[in-house]
Number of protein chains: 2
Amino acid sequence: MRIVIDGMGGDNAPMAPVAGSVEALKIYNDLEICLTGPEDKINEELSKYDFDKSRIKVLNTTEVISTNEHPVKALRRKKDSSLVVALNLVKNKEYDAVISAGSTGAFLAGCTLIVGRIKGIERPALGPIMPGKNGPFMVIDSGANVDCKPNYLLQFGKMGKVYCETILNEKNPKVGLINIGEEEAKGNELTKTAYVLLKENEANFCGNVEPRDIPNGDVQVLVCDGFVGNTVLKMYEGVASTLLSTLKEEIMSTKRGMIGGLMIKPAVKGMKKRFDYKEYGGAPFLGVDGICVKAHGSSDMKAFKNAIRQAVTLKENNTIQKIKEEFENCD
Amino acid sequence: MRIVIDGMGGDNAPMAPVAGSVEALKIYNDLEICLTGPEDKINEELSKYDFDKSRIKVLNTTEVISTNEHPVKALRRKKDSSLVVALNLVKNKEYDAVISAGSTGAFLAGCTLIVGRIKGIERPALGPIMPGKNGPFMVIDSGANVDCKPNYLLQFGKMGKVYCETILNEKNPKVGLINIGEEEAKGNELTKTAYVLLKENEANFCGNVEPRDIPNGDVQVLVCDGFVGNTVLKMYEGVASTLLSTLKEEIMSTKRGMIGGLMIKPAVKGMKKRFDYKEYGGAPFLGVDGICVKAHGSSDMKAFKNAIRQAVTLKENNTIQKIKEEFENCD
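This one's a predicted model, so the numbers in the text were calculated from it and none came from an experiment. (Residues numbered from 1 in each chain as written. Chains lettered and ligands numbered in written order. Predicted model: local features only at pLDDT ≥ 70, side-chain atom pairs only at ≥ 80, totals over all residues. Heavy atoms only, no water.)

Trainee: Which residues make up the packing of helix 9 (residues 255–263) of chain A against helix 9 (residues 255–263) of chain B, and what are the values?
Mentor: Where helix 9 of chain A meets helix 9 of chain B, the closest approach of the two axes is 8 Å, and the angle between their N-to-C directions is 155°. Judged by the angle between their axes, helix 9 of chain A and helix 9 of chain B are roughly antiparallel. Where helix 9 of chain A crosses over helix 9 of chain B, the two elements pack in a sense that is left-handed. Seen from helix 9 of chain A, the contacting residues are R256(A), G257(A), I259(A), G260(A), L262(A) and M263(A); seen from helix 9 of chain B, they are R256(B), G257(B), I259(B), G260(B), L262(B) and M263(B). For the contact of helix 9 of chain A with helix 9 of chain B, the per-class residue count stands at six nonpolar, four polar and two charged. (Axes fitted to C-alpha atoms, helices over the stretch in contact; angles between N-to-C directions. Helix = DSSP H or I, 4+ residues; strand = E, 2+ residues; numbered from the N terminus. Parallel < 35°, antiparallel > 145°, perpendicular 65-115°, else oblique. Left-handed = near helix turned anticlockwise from the far one by under 90°. Contact = heavy atoms within 4.5 Å. Nonpolar A, V, L, I, M, F, W, Y, C, P; charged D, E, K, R; others polar.)

What follows is the structure in structure tokens.
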């Protein structure tokens, strides 16, 4: 298994990608990693660790794409960027998977333009795994396609299903449509038509899922357009952090609360662990002809290590091939 | 001030509408209320209370529209329903305001079809007030219009601004556009165009607001289409209840946690009070030519009392007239 990692992607680069790579080597014996980026910087980080030098290669690149650049323009101009060089290694089948915590826009555009789509798939989609109360779930698409046609949503559902079968080890993952009502007739033009397509063409489709039920995690694949999916993820994050910080304020406002607060610390820690999205690695970009994982911009060593685990699992389970077969059978 | 209340709307009808009406009489001296519904049932509830009989009138109606009926069909068929009769009283200017906790679809359709739109307004919108960490905010539209044109969003922003000026007592409420990125160029076709319209035509426009920042309550008027708005509200509700129930589970799983849990009870109560949406009454349906307030289906006495307060404030501040003026000045 060969993985290329954008050594300059993310807020904590190159420290976090380097540290995560070294950690992952310890777990996976047949893993080989290539880190792209300025040789001197990457090697300086690597020099802090003790590891088998034959298993990590550094590929020198001279440019970096930042998050505030126009994605497509940056991809065209910066041919020697850590991202573009990494993507080309997957395109040429020299590496099995690519991971980046850098600009989401540039990564998604690069995967589509350089690695390329799987035949039959209209729009690749980003599908992060989120922690729910009763189990993890995927929100697909969560930001790659902000304006969608109903058929895209059907395809998102099918790709998500194949992914959850392999990665979450769910034999029959439920596929639901994020909608503002439970009944078939509810929703906007997009969801009403997508409902019919999913009902007729996806055996695992279980109907509409109202946003208030999403955090329960009872439905594994949640289908939506990228605008709605991104809104769902960001509301999840925002409400959780606002509630917890307000609770903390209230607790700290009295002596009694402060003592109680100390006593429930393990409980709060337990809850945070149950909702730690870093456990699930990055967000797979599904529908492209290679394993492409977008790690969160704020990824630390642990998040990179888990993103690598995710790429390994995708390879071991032959997920990309299974997605291809799902779409061959459809036609 | 004369308010008509759908006496059969909501999960707790007719108890809650009756109890809320009686309570409100104690606060507002010049308030007169009409309750629509089956005379015998409403009077039976009223008989439990001691109040000035001249200030509450019961108007006998024989039909009730349920939440699972097709809104427009139900409005046409059930002319003698508690809702349709109430709406006609506002249309004929016999009453200043209407409140219902019944079917949202039927209420919104009825307000538009029976009470009628304000001239110049393309689509009336539902704008509930939500509790935020740093203050309340309005999400407009939150479900009345699931497919929107950019100009609708501009109008939602202007109506929300007028409402927040009068009801929230904000001299210069900030108007923001719910979007998946802060920069102007972010979003889908709808939000990109709406951004330009808002920037050019609404002085209080402060740019995009990412969903993760919504619960802070730093922006008072949050503009979006009804699908996104409904998703935001339901995620707010779902994440909050999932997090709190998970925290409770973790707390109750150890003895130490249980003791700590008892000690932070007042803090939890304090936090819940800060996020109690019932404090703000119902959701005003803005853009129709009358004061129309949709109360939550689960409204209790307190929620009805606050919805009545809201209607009184709207009347006292001449909000409908101010919305009319805002749209006259636009043309």
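Trainee: An account of the interface of chain A and chain B is requested, with residue identities and associated values reported.
Mentor: Listed per partner, the contact involves 51 residues of chain A and 51 residues of chain B. Contact between chain A and chain B buries roughly 5000 Å² in total, counting both sides, with carbon and sulfur atoms accounting for 71%. Remark: the boundary between chain A and chain B carries 10 salt bridges. E210(B) is the salt-bridge partner of K234(A), the closest N and O atoms lying 2.5 Å from each other. Viewed at the interface, chain B and chain A are joined by 22 residue pairs in polar contact (both at pLDDT 80 or more). Looking at the side of chain A that touches chain B, the elements with two or more residues in it are helix 7 (189–201), helix 8 (226–252), helix 9 and helix 10 (265–274) of chain A. Considering every element that reaches the side of chain A that touches chain B, the biggest residue donor is helix 8 of chain A, with 20 residues. For the side of chain A that touches chain B, the residue count by class is 25 nonpolar, 15 polar and 11 charged. (Buried area = accessible area lost by both parts, 1.4 Å probe. Salt bridge = Lys/Arg side-chain N within 4 Å of Asp/Glu carboxyl O. Polar contact = N/O pair within 3.5 Å; in protein donor to acceptor, adjacent residues only side chain to side chain.)

Trainee: Kindly report on the side chain of N230(B), identifying the contributing residues and their values.
Mentor: Inspection of the secondary structure assignment puts N230(B) in helix 8 (residues 226–252). Among all residues touching N230(B), those that are not within four sequence positions of it are I180(A), S142(B) and G143(B).

Trainee: Pulling in residues and values, what's your account of the sheet that holds strand 8 (residues 175–178) of chain A?
Mentor: Consider a sheet: its strands pair through backbone hydrogen bonds, and that pairing is either parallel or antiparallel. All names here are of chain A. Read across the open sheet, the five strands follow the order 6-7-10-8-9; overall the sheet is mixed. The sheet terminates laterally at strand 6 (129–130) and strand 9 (205–209), the two strands that pair on one side only. In terms of strand pairing, strand 8 meets strand 10 (residues 221–223) through three bridges, oriented parallel. Bridge pairing in strand 10 places G176 opposite L222. Across the sheet, helix 6 (residues 150–167) is in contact with strand 6, strand 7 (137–140), strand 8 and strand 10; its angle to strand 10 comes to roughly 165°. Where helix 8 meets the sheet, it contacts strand 6, strand 7 and strand 8, and its direction lies at approximately 135° from that of strand 7. (Pairing = 2+ DSSP bridges.)

Trainee: Report on the relation of the copies chain A and chain B, specifying residues and quantitative values.
Mentor: Superposition of chain A onto chain B requires a rotation of 180° combined with a translation of 0.0 Å along the rotation axis, giving an RMSD of 0.0 Å. In the structure described here, the two chain copies are related by an operation that fits a two-fold rotation axis. Among all C-alpha atoms of chain A, that of G260(A) lies closest to the rotation axis, at 2.0 Å. Of the residues that chain A buries at the interface, 100% are likewise interface residues in chain B, meaning the two copies contact each other through the same surface. (Least-squares fit on C-alpha atoms with pLDDT ≥ 70 in both.)

Trainee: Just give me the short version of the packing of aromatic side chains, but keep the residues and values in it.
Mentor: Residue and element names in this part refer to chain A. Applying the stated criterion across every chain yields a total of four aromatic pairs over all chains. Judged by centre distance (5.2 Å) and plane angle (80°), the ring pair of Y195 and F205 falls under edge-to-face. Of this pair, Y195 sits in helix 7 while F205 sits in strand 9, and the two are 10 residues apart along the sequence. A cation over an aromatic ring shows up here: K53 above the ring of F51, its NZ or CZ 4.4 Å from the ring centre. (Phe/Tyr/Trp six-rings, centres within 6.5 Å; stacked < 30°, edge-to-face > 60°. Lys NZ or Arg CZ within 6 Å of the ring centre and 35° of its normal.)

Trainee: Could you give me a rundown of the pairing of strand 7 of chain A, with the residues and numbers involved?
Mentor: Residue and element names in this part refer to chain A. Burial of the side chains of strand 7 extends over both faces: F137 and V139 are buried on one face and M138 and I140 on the other. Relative to strand 7, strand 6 runs antiparallel, the two being bridged by two bridges. Bridge pairing in strand 7 links M130 to F137. Counted along the chain from strand 6 to the antiparallel partner strand 7, the turn is six residues long, and its residue G135 has a positive phi close to 150°. Looking at chain direction, strand 7 and strand 10 are connected through three bridges and run parallel. What sits directly across from I140, in strand 10, is V223. (Buried < 20%, exposed > 50% of the residue type's maximum accessible area, 1.4 Å probe, protein only.)

Trainee: Quick rundown of the sheet that holds strand 5 (residues 125–126) of chain A? Include the residues and the values.
Mentor: Residue and element names in this part refer to chain A. Reading across the sheet, the seven strands line up as 3-2-1-4-12-11-5 and stay open at both edges, with mixed pairing between neighbours. At either end of the open sheet lies a strand with only one pairing partner, and these are strand 3 (56–60) and strand 5. Set on the sheet, helix 11 (residues 301–316) makes contact with strand 1 (2–6), strand 2 (32–37), strand 4 (97–100), strand 11 (283–286) and strand 12 (291–294); between it and strand 12 the angle comes to about 155°.

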